[in-house]
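Next come the chains, spelled out residue by residue.
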Amino acid sequence: MHPLLQQLSGGDRRSIGEADRVAARVAGAPALLAVLFEGLDGDDSVLRMRCADVIEKATAARPALLVPWKDALIQRHALVTQAEVRWHVAPLLARLPLTPAEADAVVARLLSFTQDRSRIVRTMSMQALVDIGLRHRHLLPDIARHIRELTVTGTPAMKARGRRLIDILERASGG
C-alpha cells in the first residue's frame, strides 16, 4: 500500500484521521491525486471516505486538477452508495467542466442523491445542483423547482441551505 494511503488508513468512519494533513500535501503535489483515486476505488470503506475527503479538499482551489479523473468520477464514483463518499463526490462533480449531455447525466445522479438516507448527502447535493445550474443555464428551471421542493420537505439543514440557494437562483435568473 502506498504510504499516502497508509497515512489515511485505520480507525473508523467517525474520524477524518490525517485527511487535512494529506490534503495540504496533495495540494502541493497534485500528482499524488492518482494515489488517492486508487484508494477511492478500493474495498476499505474508511480509506474510500478519507480519499474522497482529501480529493475534495485538495482540489477546492484548483478544480482543473480533477479533469483527468472526470470520466471515473461521472461513470464510477458517482455510483458509489457509501454516504461518506457521496457527500464528497457531489461537490467534485459540480467542479468538473461538463458538456451539456454530461451535465444532464450528472444532474440526474445528483437528483437521486437528494433522496439518499444521509442528510449530509442530500444537503451537499443541493449545493452541487445549483453550482452546475449556474454554469448550465438550460438546467436552471428544473434545478430551481427541485431546490424549492427540497426546501419545503427537507430536513432543517436542507431548508436553511435551500433558502440561501433559492436566493442565489433568483439573482441568477434576474428575479
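These remarks concern the structure in this document. Since we're looking at a predicted model, the values are computed, not measured.

1. Brief notes about the overall build of the protein
Right, so step 1: Helix and strand counts for the protein come out as 10 helices and 0 strands.
Right, so step 2: Tracing the protein from N to C terminus, the helices and strands come up as α-α-α-α-α-α-α-α-α-α.
Right, so step 3: Radius of gyration (C-alpha) of the protein: 16 Å, near the 16 Å computed for a compact globule of 175 residues.
Right, so step 4: In the protein, buried positions account for 49% of the 175 residues.

2. Section: the side chain of His88
Right, so step 1: When you line up the elements, His88 lands in helix H6 (residues 83–95).
Right, so step 2: Classification of His88 as buried rests on a relative accessible area of 8%.
Right, so step 3: A distance of 2.4 Å separates the side chain of His88 from the side chain of Glu56, its partner in a polar contact.
Right, so step 4: The residues touching His88, leaving out its near neighbours within four places in the chain, are Met49, Ala52, Asp53 and Glu56.

3. Describing helix H7 (residues 100–113)
Right, so step 1: Along its 14 residues, H7 runs 20 Å from first to last C-alpha, staying within 8% of the 20 Å computed at 1.5 Å per residue.
Right, so step 2: By the burial criterion, the buried members of H7 are Glu102, Ala103, Val106, Val107, Leu110 and Phe113. Looking down the long axis of H7, one finds its buried residues gathered within 130 degrees of arc, a one-sided arrangement.
Right, so step 3: Against the buried residues of H7 lie helix H5 (70–75), H6, helix H8 (119–135) and helix H9 (140–153).

4. A short note on the packing of helix H4 (residues 45–59) against H6
Right, so step 1: Between H4 and H6, the least distance of the axes is 8 Å, while the angle of their chain directions is 30 degrees. Judged by the angle between their axes, H4 and H6 are roughly parallel. The hand of the H4/H6 crossing is left-handed. Across the interface between the two elements, Arg48, Met49, Ala52, Asp53, Ile55, Glu56 and Thr59 of H4 pack against Glu84, Val85, Trp87, His88, Pro91, Leu92 and Arg95 of H6.
Right, so step 2: Grouping the amino acids of the contact of H4 with H6 by side-chain chemistry returns 7 nonpolar, 2 polar and 5 charged.

5. Re the nonpolar core
Side chains of a nonpolar character, in soluble globular proteins, are inclined to be buried together.
Right, so step 1: Counting residues in hydrophobic clusters, the biggest one holds 57 residues, and the most contacted among them are Val26, Leu36, Leu93, Leu110 and Ile132.
Right, so step 2: Of all the elements, H6 adds the most residues to this core, at 8 residues.

6. Observations regarding the environment of Thr81
Right, so step 1: Structurally, Thr81 can be placed in the loop between H5 and H6.
Right, so step 2: Note on Thr81: relative accessible area 66%, which makes it exposed.

7. What to know about the packing of H9 against helix H10 (residues 156–172)
Right, so step 1: Relative to each other, H9 and H10 sit at 150 degrees, their axes nearing to 8 Å. Judged by the angle between their axes, H9 and H10 are roughly antiparallel. Considering only the axes of H9 and H10, their crossing is left-handed. Residues Leu140, Ala144, Ile147, Arg148, Leu150, Thr151, Val152 and Thr153 of H9 lie in contact with H10, whose contacting residues are Met158, Lys159, Gly162, Arg163, Leu165, Ile166, Leu169 and Glu170.
Right, so step 2: Class assignment for the residues of the contact of H9 with H10 results in 9 nonpolar, 3 polar and 4 charged.

8. Looking at the environment of Ala61
Right, so step 1: Looking at the secondary structure, you find Ala61 in the loop between H4 and H5.
Right, so step 2: In this structure Ala61 comes out as exposed when scored by relative accessible area, which is 74%.
Right, so step 3: In the structure, Ala61 is positioned 34 residues away from Ala27 in sequence and 8.8 Å away in space, judged by C-alpha atoms.

9. Some remarks on the pattern of salt bridges
Right, so step 1: Considering all chains together, one arrives at 8 salt bridges under this definition.
Right, so step 2: One salt bridge connects Asp53 with Lys57, and the closest N-O pair in it is separated by 3.1 Å. In this pair, Asp53 and Lys57 both sit in helix H4, 4 residues apart, roughly one turn of the helix.
Right, so step 3: When its relative accessible area of 34% is taken as the criterion, Lys57 is described as partly exposed.
Right, so step 4: Where Lys70 meets Glu102, a salt bridge forms, and the shortest distance between an N and an O atom there is 2.7 Å. Taken together, the positions of Lys70 in helix H5 and Glu102 in helix H7 put the pair 32 residues apart, joining distant regions of the chain.
Right, so step 5: Of the residues examined, Lys70 reaches a relative accessible area of 15% and is grouped as buried.

So, how was this worked out
Residues numbered from 1 in each chain as written. Predicted model: local features only at pLDDT ≥ 70, side-chain atom pairs only at ≥ 80, totals over all residues. Heavy atoms only, no water. Helix = DSSP H or I, 4+ residues; strand = E, 2+ residues; numbered from the N terminus. Rg over C-alpha atoms; globule rule 2.2 N^0.38 Å. Buried < 20%, exposed > 50% of the residue type's maximum accessible area, 1.4 Å probe, protein only. Polar contact = N/O pair within 3.5 Å; in protein donor to acceptor, adjacent residues only side chain to side chain. Contact = heavy atoms within 4.5 Å. Expected span 1.5 Å × (residues − 1). Arc of directions from axis to C-beta. Axes fitted to C-alpha atoms, helices over the stretch in contact; angles between N-to-C directions. Parallel < 35°, antiparallel > 145°, perpendicular 65-115°, else oblique. Left-handed = near helix turned anticlockwise from the far one by under 90°. Nonpolar A, V, L, I, M, F, W, Y, C, P; charged D, E, K, R; others polar. Core = buried A, V, L, I, M, F, W, Y, C linked by side-chain atoms within 4.5 Å. Salt bridge = Lys/Arg side-chain N within 4 Å of Asp/Glu carboxyl O.

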